[in-house]
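Chains, contacts and geometry: an overview
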Amino acid sequence: MSDARAMKVLHYGWVIVTVTVLMQIFSLGIFLYSFGVVLIPWTQSFEVKRAELTMIPVMIQVIMGVVSPFVGHYIDRLPTKPVILTGIGATVLSLVLLSQATSFWQVMLISVLPVSVAVKLAGPLLAQFVTAKWFRSQLGLALAISAGGGAVGGLVMPPLIQWIISFSDWRTAYLYLAVAAAIMFVSVAFLLREPPLDDARAMPVVKHKEGDTGLTIWSILSDKIFLSISIGIGIVAAVQLVFQYNFPAIGQDNGISPARSALLLSALSTGALVGQPLWGLIIDRVSIPTVYFVVSGCYLLMITLTLGALGPIGYAHLLVAALSGGFASAANQPLLGVVLVKRFGAANIGKTLGLAYPFLNLSALGPVIAAYAYSQTGSYNIGLLVLAGCVVMSAATIIRSLRIEAGAGTPASAGAS
């Protein structure tokens, strides 16, 4: 590829990154991060209990975990543009249908079909897939910025929806957002291009057997690097979810006011937004074992501060814990994407990401472990200690595996330059 051609490709690649950020602001920001905003209005509109409604995000996560391998397998073979338009179109359709729902069973049905499609095809999997197709250098930075779409959606969409509800209702809020998503759909239809063909990037690094560069599902699932990084990211994401769900309660358990405890969630998001571009630059320049060591260290610091191992637990301790965990979380998606691209080739990123996401869904066990520990002991400490042990073991496994590969000359452990 000539230098002029490379500059043109990279320049347009940032347009693609912008598109992935916008679509995640809508899909993740509305359907996952803003669920709490419509929870009480829905209980009033549909006359159901909160416990019944909270099954909706759980159901969406389960569906995404089940379909991820199939989605990943096929998006490698399909043109990028219609897949992205399908995801954005599902977002528009979901918002319109939800705004017209008159019963709880209708909301459940809509969540099973168009909402799950929207979150999957306008969410992190597709964002990483299409970004990896456009970048060779600066891949870590591009993946990190793209992954920031979810965090931005989490900051922007909840207060926006609440603001619209304050002078109207949740149905009107969804209709306004449907119009905005439809405008994005039309814009993307005109702007989006297919990624450039590059035969060199289509070759996977790992061979299924000697002389055969074809990748099968088994050759991916049996690869030690794939398993260690996928399970490892799932474990640190489990720690993240524990704090995301329980930080306000942890703060109040330690004598901090509800208002200040709630701000710990804002600190968590702030750390993620600050970390997004920084991790992108770091991953492009530093070895992957070193990056994962730092990420694990940030999560262990988060747990240590919360356990009171560094002194009596005060607001400053919990604030540092929130910032540390938020900062570490910004590395998870780009780190996974870079390792998979280096290991299996950009042409196989859809298949490998699709197979990795069920392992990432291990994160759902984190809140369950923490909740069980609290129910038995009145404290989250035992659950946090269990998760800390898992973080240490996974970090040791990942770092050892990547360093062994680096010693053998395999580029999986190198930076993404």
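Residues numbered from 1 in each chain as written. Predicted model: local features only at pLDDT ≥ 70, side-chain atom pairs only at ≥ 80, totals over all residues. Heavy atoms only, no water.

This next bit is on the packing of aromatic side chains. Applying the stated criterion to the full structure yields twelve aromatic pairs. Their ring planes at 65° and their centres at 5.8 Å tell us that Phe-46 and Trp-170 sit as a pair that is edge-to-face. Of the two residues, Phe-46 sits in helix 2 (residues 35-46) while Trp-170 sits in helix 9 (residues 170-191), which places them 124 residues apart along the sequence. Classification of Phe-46 by relative accessible area gives buried; the value is 9%. The side chain of Lys-120 reaches across the aromatic face of Tyr-357, ending 4.9 Å from its centre. Residue placement shows Arg-193 over the ring face of Tyr-12; its charged tip is 4.1 Å from the ring centre. (Phe/Tyr/Trp six-rings, centres within 6.5 Å; stacked < 30°, edge-to-face > 60°. Helix = DSSP H or I, 4+ residues; strand = E, 2+ residues; numbered from the N terminus. Buried < 20%, exposed > 50% of the residue type's maximum accessible area, 1.4 Å probe, protein only. Lys NZ or Arg CZ within 6 Å of the ring centre and 35° of its normal.)

Bringing empty space enclosed by the protein into the picture now. As enumerated under the stated definition, the model contains one cavity of 30 Å³ or more in all. Of the volumes computed, that of the largest cavity is approximately 100 Å³. In terms of lining, the largest cavity is formed by 13 residues, of which the most central are Phe-31, Phe-35, Trp-42, Leu-98 and Tyr-174. Secondary-structure elements contributing two or more residues to the lining of the largest cavity are helix 1 (3-33), helix 2, helix 4 (55-75) and helix 6 (104-121). Its residues placed into classes, the lining of the largest cavity shows eleven nonpolar, two polar and no charged. (1 Å grid on protein atoms, 1.4 Å probe; cavity = no way out; pocket = protein on both sides within 12 Å on 5 of 7 lines; lining within 4 Å. Points joined across faces, edges and corners; volume = space filled by probe spheres on them. Nonpolar A, V, L, I, M, F, W, Y, C, P; charged D, E, K, R; others polar.)

When two helices pack together, their arrangement is given by the angle between the helix axes and by the axis-to-axis distance. Helix 15 (residues 332-344) packs onto helix 7 (residues 124-134) with a crossing angle of 50° between their chain directions and a minimal axis gap of 11 Å. Taken as axis vectors, helix 7 and helix 15 run oblique relative to one another. Where helix 7 crosses over helix 15, the two elements pack in a sense that is right-handed. Residues Pro-124, Gln-128 and Ala-132 of helix 7 form the contact with helix 15, whose participating residues are Gln-333, Pro-334, Gly-337 and Val-341. Broken down by class, the residue content of the contact of helix 7 with helix 15 amounts to four nonpolar, three polar and no charged. (Axes fitted to C-alpha atoms, helices over the stretch in contact; angles between N-to-C directions. Parallel < 35°, antiparallel > 145°, perpendicular 65-115°, else oblique. Left-handed = near helix turned anticlockwise from the far one by under 90°. Contact = heavy atoms within 4.5 Å.)

It is worth spelling out the environment of Val-130 at this point. Its place among the elements puts Val-130 in helix 7. Residue class for Val-130 comes out buried when judged on its relative accessible area of 1%. Note: C-alpha distance between Val-130 and Thr-80 (50 residues apart in sequence) is 7.0 Å.

Now for a nonpolar patch on the surface. Residues Ile-231, Leu-362, Leu-365, Ile-369, Ile-382, Leu-385 and Val-386 make up a contiguous nonpolar surface patch of roughly 540 Å² in combined accessible area. Among the secondary structure elements, those contributing two or more residues to the nonpolar patch are helix 17 (365-377) and helix 18 (381-407). Examining the composition of the nonpolar patch, we find that three residues originate from one element, helix 18, more than from any other. Within the secondary structure, Leu-385 is located in helix 18. (Patch = residues over 30% accessible without salt bridge, like charges linked within 9 Å, V, L, I, M, F, W, Y side chains within 5 Å. Areas by Shrake-Rupley, 256 points an atom, 1.4 Å probe, with all protein chains shown as cover. Salt bridge = Lys/Arg side-chain N within 4 Å of Asp/Glu carboxyl O.)

Given a rise of 1.5 Å per residue, 15 residues ought to cover 21 Å, and the 21 Å separating the end C-alpha atoms of helix 14 (residues 315-329) matches this to within 8%. Among the residues of helix 14, those classed as buried are Tyr-315, Leu-318, Ala-321, Ala-322, Ser-324, Gly-325, Gly-326, Ala-328 and Ser-329. Looking at the buried positions of helix 14, the neighbouring elements they touch are helix 11 (224-253), helix 12 (258-285), helix 13 (288-307) and helix 15. (Expected span 1.5 Å × (residues − 1).)

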